[in-house]
Structure formats: C-alpha cells, structure tokens
Amino acid sequence: MKFTLGTLLAIPAAALFMTACNNGSSTTETKDSTKTPTVQVTDVTIESNGVPLNSVIAFNDDTATKKPVIVIVPEWWGLDTHVKNVAQRLAELGYFAVGLDMYGNGKLADNPDSAKAWATPFYANPKLAYERIAAAVAKAKTYSQVDTSRIAAIGFCFGGSCVLNAARLGAPLKNVVSFHGGLATSLPISKDLFTASALICHGGADKFVSPEEVATFKKQMDSAGVKYVFKEYPNATHAFTNPAATATGKKFNMPIEYNAAADTASWNDMKAFLGAELK
C-alpha cells in the first residue's frame, strides 16, 4: 500500500518541520456492572541506556480482558499536555497507553531552537528512537493488565518520524500510526523488517512535507510490499491534531495550526485502523 517514514536527517527543513510540529486519579467505583471503567494515569520512569525517561502510563480498571499496548511518541516539544490527553483517551478506549518521554529527564522545549537541538540526534541516529520505544514496550510488558502480543506505536510530527523509522529498523510492532509526521528518511525499507501495518495521517496543506516526499514515501512502501494506509486531510497544516498549534504557530511565525475537522477525522481513522488491526 502506501506509506513512508521520516528521518529528516540533516535536511534543513527537518528542524522546522518538527517545530510544528498525572499522576492518575480515579473516580469512585460503584457496584453497577455497566459503569464506565475508571482510567488511571500514572507517572512512570523508564530506563534506556542509563537515561531516565519520565513517562506516563494510562489504562482503565476493567480486568476482564488484557489490554493492547500503544506507545505514544510526542512532537519535538517533548511529553506535554497534548500527549497526556492522548494517553487518557486511548485508555478510555481500552488500550494500555504509554506516553513516552523521548528526550529523558522530562525535558520540555519552549522554543524551536531547543526542540531542534534535542530532536536532531534522533534524526542523525534513528536507532536511538528505536531503543527508547523498545524500552517503553519492555516496561509495558511488566504490567499484568497487558496483552504482550498486541503492541503498537503512534507518533506526532517528530514522533511520527520516530515510529516509522523504528518500524523500518524492525521493531516488533503490529501497527504504527503517524500523525503529520515527516516522511523523508535515509533508512532503507524491507518487508522482512517493516512487519507492522501502518496508517499515515497527513495534512493536505502541510508545508513541511513536500508532495515529492509523499510520492517517494508511497513508492518505497509499495515497492517493499509493506501494508499501509495513507490518509490526507484537506486544508490541514502541520501539527493539525494539537490544539496548541495555532498559538505556537503565531508565536514563532510557523505555518502550523490546529484543525478540528482533521483532528477528529484522523482520530476516527486511527480508531478504526487499530480496532481492526490490534484488537
């Protein structure tokens, strides 16, 4: 099908492209068997090569079935409110969600320069993202609530590139989903390694990912015989799923903004994709 990942390695636009880019509480339980399961969101430290990744996990208290795992890789800003909200929503859907602190030590960028500096090593060495996603998966597998045979990773902007590259490197994931992620990469693609099926959610007005990059990505995926679905949302710019994108774009003069219609459509596309593939 179609698809590609992004490791904008050493491409000037990569830096800009990325720019677009709780401790859990629970509600009082009742004896009603039809009650909505309570979601717990909890801080957790994941170790990766000596680096503490100050992440979050979220899952509901329904113990009837084991839960598929979804690792969430943030935009290049770091593990922010957006990702924590995504983890909460995925837990409400019955998944065991891990919001990954990709940079380590809970670092959050408040400007594009810092974000670029922290994201660049992951583009230069895609294996670094692979290792941290693998560490998150290993941590998730220590929880009794988890079905260790059903594991996926999703990512936003920078995170979309990371999950696609991890799949290219052979990460044992059933599925990957990229939301407004970069599609250019220096990594080769092989069906023997890229065993995950992929969903690409791309903004039709994304100025950080060129039509040529989209075409190259699709050609690579098709040539390798990798299973993928490519969705394009009209008038959606880079970072279209993040409600903070519009203000961030104005602050730093970036062509990014939140698009409620594309956000809803891509979320529903992800739910249908993972529901069919992972559950």
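**Thoughts on the overall build of the protein**
Along the protein, the regular secondary structure elements total eight helices and eight strands. The proportion of buried residues among the 279 residues of the protein is 53%. When the accessible surface of the protein is totalled, it reaches about 11,700 Å², and 51% of it is carbon and sulfur.

**A short note on the sheet that holds strand E5 (residues 146–156)**
The strand order across the open sheet built from eight strands is E1-E2-E4-E3-E5-E6-E7-E8, with neighbouring strands paired in mixed fashion. Both outer strands of the open sheet, strand E1 (39–48) and strand E8 (228–233), are each paired with one neighbouring strand and no more. Here the average twist between neighbouring strands, direction ignored, is 20 degrees. The pairing of strand E7 (residues 197–203) with E8 spans six bridges and is parallel. Counted as the bridge partner of Gly203 is Tyr233 from E8.

**Description of the environment of Asp80**
When you line up the elements, Asp80 lands in the loop between strand E3 (67–73) and helix H2 (81–92). Exposure remark for Asp80: the relative accessible area of 17% places this residue in the buried category. With 21 residues separating them along the chain, Asp80 and Asp101 place their C-alpha atoms 9.0 Å apart. When sequence neighbours within four positions are dropped, the list of residues in contact with Asp80 reads Glu75, Leu108 and Asn242.

**With respect to H2**
The end-to-end C-alpha distance of H2 is 17 Å, a good match for the 16 Å that 12 residues give at a rise of 1.5 Å each. Residues of H2 that are buried sit in contact with E1, strand E2 (51–60), E3, strand E4 (96–99), E5 and helix H8 (260–277).

**Here's the deal with the side chain of Asn60**
Checked against the element boundaries, Asn60 lands in strand E2. Since its relative accessible area comes to 6%, Asn60 is described here as buried. A polar side-chain atom of Asn60 sits 2.9 Å from the main-chain amide nitrogen of Asp62. Separated by 3.3 Å, the side chain of Asn60 and the backbone oxygen of Ala91 make a polar contact.

The rules behind these values
Residues numbered from 1 in each chain as written. Predicted model: local features only at pLDDT ≥ 70, side-chain atom pairs only at ≥ 80, totals over all residues. Heavy atoms only, no water. Helix = DSSP H or I, 4+ residues; strand = E, 2+ residues; numbered from the N terminus. Buried < 20%, exposed > 50% of the residue type's maximum accessible area, 1.4 Å probe, protein only. Areas by Shrake-Rupley, 256 points an atom, 1.4 Å probe, with all protein chains shown as cover. Pairing = 2+ DSSP bridges. Axes fitted to C-alpha atoms, helices over the stretch in contact; angles between N-to-C directions. Contact = heavy atoms within 4.5 Å. Expected span 1.5 Å × (residues − 1). Polar contact = N/O pair within 3.5 Å; in protein donor to acceptor, adjacent residues only side chain to side chain.

Function cannot be inferred from these measures alone, as they are strictly geometric.
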